[in-house]
Structure formats: C-alpha cells, structure tokens
Amino acid sequence: MPSRRQERVGKRVMQELVDALRTMKNVELGFTTITRCEVSPDLRHAKVFVSVFGDDAVRERTLDALKRNASRLKGMIGRPLGTKVVPSLHFEFDDTIEQTDKMSRLIRDARATDVNQEPLTPEELAALSKSASSGKYDSDGGFVDVDADAFEQARQDVREELFGDDDEDDGDDADWQPINLDDLPEE
C-alpha cells in the first residue's frame, strides 16, 4: 500500500509528464494516455503506465520512444515537480482498457447467446470473468467459437459452485433475485 506521499508525488509526476509530452515534437509518440504512476517508497523510481491507441506496432514504437526519452522527460519534469529527488521514469504498457473492452464483449456475446435465460447474477458474472481471459476474437472484435452448450454447462457449473447443487425449489433461495442488466443505469 503506497503512502500518501508516494501517491501525491505519483499524481504530480503524471501531471508534469502530460505537460512535457504535449511539448515534445516526437513523431514516434502515438496517441498516448498516462493511466497511473507508482512511485517507490524512497521516491527515486516511478513506474509510469501508459495506454496507447493503435495496433501493436504503434504501441511498441511509442513505448520504445518513451523509454529512449525517459532521461529527457525526467529533466523536463524536474523543476516543476519541486522535489529534492526527481524519480527515474520507467514506462510500461497498461492493458487495462483492452481487458475491460474484452470483458464487455464477452458479456455482450454471452447475453446474445442466452436471450431466453434469466439474467446472470453479479457472482456469476465475476466467476465467468475469471475464466474468460483466454477468449479469441475475429478481426471485427466479435467472439469466435461460442459453443452454446459449453456456455450453458459453464453457467450451470458456476451456479452449482455458488449456490450448491439443488434443482428443487425448497424456498432456501427465496431472497435471491437476478439482476437484469437492461435495468442498470448507463454510464
């Protein structure tokens, strides 16, 4: 757990890096977003996570350009940062946005194949998301190889794991209510 000081310095590093990147005229930098910054306890190192819009080649080229220009960027943020020690910058790719998009597609595709079933509970969604990290997508971003029988079996397995194996209605799950995702407010 980072200290408050680490968090403050991390936020300042992010702010100053955004300003520094705006002034750089490097054509190798793609559309880059700084997503977070983790600063070491001694404030000498900062791990900067970036998200880059584009294909893998653009991402690699941008990450390489950031790594090559890390000392230049450190010099650009040093004075405005106002700390005794300016952290060394270590850039890493952050794939959180891609993982979130992947999960959204999986949920959308699962709902499309399961229109006649009751909605999934949050526990079922969480359990399915853990097993969904190895999905395959076609060039349009659609899920490939959706087997409805395998999906239904996985759904039943998750239900059994979460609620036990009782198919009879004995009233012990009377307080359980499924969540309809269409009723949730859009963000």
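Residues numbered from 1 in each chain as written. Predicted model: local features only at pLDDT ≥ 70, side-chain atom pairs only at ≥ 80, totals over all residues. Heavy atoms only, no water.

(A) Geometry of the packing of helix α1 (residues 4–23) against helix α3 (residues 70–81). α3 packs onto α1 with a crossing angle of 125° between their chain directions and a minimal axis gap of 9 Å. Put simply, α1 runs oblique to α3. Between α1 and α3 lies a crossing whose hand is right-handed. For the pair α1 and α3, the contacting residues are Arg12, Val13, Glu16, Leu17, Ala20, Leu21 and Thr23 in the first and Leu73, Met76, Ile77, Pro80 and Leu81 in the second. Tallied by class, the residues present in the contact of α1 with α3 amount to nine nonpolar, one polar and two charged. (Axes fitted to C-alpha atoms, helices over the stretch in contact; angles between N-to-C directions. Helix = DSSP H or I, 4+ residues; strand = E, 2+ residues; numbered from the N terminus. Parallel < 35°, antiparallel > 145°, perpendicular 65-115°, else oblique. Left-handed = near helix turned anticlockwise from the far one by under 90°. Contact = heavy atoms within 4.5 Å. Nonpolar A, V, L, I, M, F, W, Y, C, P; charged D, E, K, R; others polar.)

(B) Inspection of the pattern of salt bridges at higher detail. One pass over the full model with this rule turns up seven salt bridges. Linking Glu38 and Arg36 is a salt bridge whose minimum nitrogen-to-oxygen distance equals 3.5 Å. A salt bridge links Glu92 to Lys47; the nearest nitrogen and oxygen atoms lie 3.9 Å apart. Here the residue Glu92 occupies a position in strand β3 (residues 88–93), and Lys47 occupies one in strand β2 (residues 45–53), the gap between them amounting to 45 residues. Beyond isolated ion pairs, a larger network of salt bridges with shared partners links Arg36, Glu38 and Asp94. (Salt bridge = Lys/Arg side-chain N within 4 Å of Asp/Glu carboxyl O.)

(C) Expanded view of a positive patch on the surface. Residues Arg4, Arg5, Arg8, Arg44 and Lys84 make up a contiguous surface patch of positive charge. Locating Arg5 in the fold gives a position in helix α1. Taking relative accessible area as the criterion, Arg5 reaches 52% and is therefore assigned exposed. (Patch = residues over 30% accessible without salt bridge, like charges linked within 9 Å, V, L, I, M, F, W, Y side chains within 5 Å. Areas by Shrake-Rupley, 256 points an atom, 1.4 Å probe, with all protein chains shown as cover. Lys, Arg positive; Asp, Glu negative; His and termini not counted. Charge placed at Lys NZ, Arg CZ, Asp CG, Glu CD. Buried < 20%, exposed > 50% of the residue type's maximum accessible area, 1.4 Å probe, protein only.)

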